[in-house]
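Observations on the three-dimensional arrangement
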Amino acid sequence: MKKRSVLLLAVTLLAILGQASCASRQSLGLEIANPEDIGVTWQECTISQGFDWQQAESCFGHSMPLWDESEKGNFRCRLDDMESLQLTIGQDIYRASLSGGLFPKEKYTLYKTDQAIQSLYGEFAAYSPNVSLQNIGGKAAWEFSDGNTATIIYDGSDVRQLYSLDKAYRPYGLDGKLIFIGQKGGRYFVVYDGWKVGPDFDEIVIAYCCEPVLWSVQYGQGKYVFWGSRDGQWYVVEIALRENKGG
């Protein structure tokens, strides 16, 4: 009987620990994956004081990854009022536009064929918080950021709620799958296709205006590049599809 009691106690403890581990993963909303296991590469190089693309080019062997011709159609056009973004995916027309609110918080709404999907409130300062609208894997990805509120509405869902994040930035489609920068508890990290990839960073440069945009997150041609600080050292990092590596 004593051995049976010990065995039952051990099984119970394992079950409790398993539930706690599961709850911990669910609280973040993300599980961790090695880059190679999900079809991407991770390359990083230390950089000296200051930011410039020469350091990145020396590390990766190519210039800034701009959109190629096949990608340009995935990105919205800005309408004449300069506050509205519009994108067509199949038979659906998506539009993100100013829709009311009271100064300084203005209301912006994402519509799908004139049906409201999601509304967010933000301040128009040096740039419009209505940042971008793009087609990622046949789904609309709307980026909204005024510095205080920063998120991505992807396929109608707010990724902050989906993955238990504080903020989310700079969406792009790698192989038709969403990649972006997540922030939680003052830490920054990469999320790709629902997986947390690579190490955490103390800071990742995010900018939408003026000179810092040059060393903010850059993407195109199957590559996603950013500058991040970890344990007092700055790095430039490139995540790419394996088949595009070195291209």
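Treat the numbers as computed from the prediction; the structure is a model and nothing was measured. Positions within a chain are numbered from 1, following the residues in the order the chain's sequence is written. Where totals are concerned, whole chains, interfaces and linings use all residues; where local detail is concerned, this predicted model gives features only for residues with pLDDT of at least 70, and gives and counts side-chain atom pairs only at 80 or more. Side-chain metrics in this entry use all non-hydrogen atoms of the structure; hydrogen atoms and water are not considered.

Throughout, nonpolar core names a set of buried Ala, Val, Leu, Ile, Met, Phe, Trp, Tyr and Cys residues whose side chains join them through atoms within 4.5 Å. Relative accessible area decides the class of each residue, using a 1.4 Å probe on protein chains only: under 20% of the type maximum gives buried, over 50% gives exposed, and in between gives partly exposed. By size, the foremost hydrophobic cluster in this structure holds 27 residues, and its most contacted members are L174, I179, I181, Y192, Y224, F226 and I239. Secondary structure elements follow DSSP: runs of H or I no shorter than four residues count as helices, runs of E no shorter than two count as strands, and numbering proceeds from the N terminus. Only β12 (167-174), β13 (177-184), β14 (187-192), β15 (195-201), β18 (223-230) and β19 (233-241) provide two or more residues apiece to this core. By residue number, the principal contributor to this core is β19, which donates 4 residues. Those residues within four positions of I181 in sequence are excluded, and the remaining contacts are K167, A168, Y169, Y188, F189, V190, I204, I206, V217, Y224 and F226. What makes two residues a contact is simply this: any of their non-hydrogen atoms within 4.5 Å.

Here the focus is the side chain of Q183. Turning to its location among the elements, Q183 is positioned in strand β13. Excluding its chain neighbours within four sequence positions, the residues that come into contact with Q183 are L165, D166, K167, Y169, Y188 and F189.

Two strands pair under a simple rule: DSSP has to find at least two bridges between them. Taken together, the 5 strands give an open sheet; going across it, the order is β3-β4-β5-β6-β7, and neighbouring strands pair in antiparallel fashion. Across the chains shown, the open sheet's two edge strands, defined by having one partner strand only, are β3 (77-78) and β7 (115-122). The pairing of strand β4 (residues 85-89) with strand β5 (residues 92-102) spans 5 bridges and is antiparallel. Note that in β5 the partner of L85 across the bridge is A96.

What follows is about the packing of aromatic side chains. Each Phe, Tyr or Trp ring (for Trp, its six-membered ring) is paired with any other whose centre lies within 6.5 Å, and the angle between the two planes then decides the class: stacked below 30 degrees, edge-to-face above 60, tilted in between. Across all of its chains, the model carries 12 aromatic pairs by this definition. Summarising the aromatic geometry, the rings of W42 and F226 are spaced 6.2 Å apart at their centres and angled 75° between planes, so their arrangement reads as edge-to-face. With W42 in strand β2 (residues 40-46) and F226 in strand β18, the pair connects residues that are 184 residues apart, well separated along the chain. For F226, a relative accessible area of 0% gives the class buried. The interplanar angle of 15° and the centroid separation of 4.8 Å between the aromatic rings of Y172 and Y219 together place this pair among those described as stacked. Residue Y172 is found in strand β12, and its partner Y219 is found in strand β17 (residues 218-220); the two are separated by 47 residues along the sequence. A relative accessible area of 9% means that Y219 is categorised as buried.

Tracing the backbone through its elements, the reader meets S229 in strand β18. Judged by relative accessible area, S229 falls into the buried class, the value being 9%. Those residues in contact with S229 that sit more than four places away from it in its chain are F201, D202, E203 and W234.

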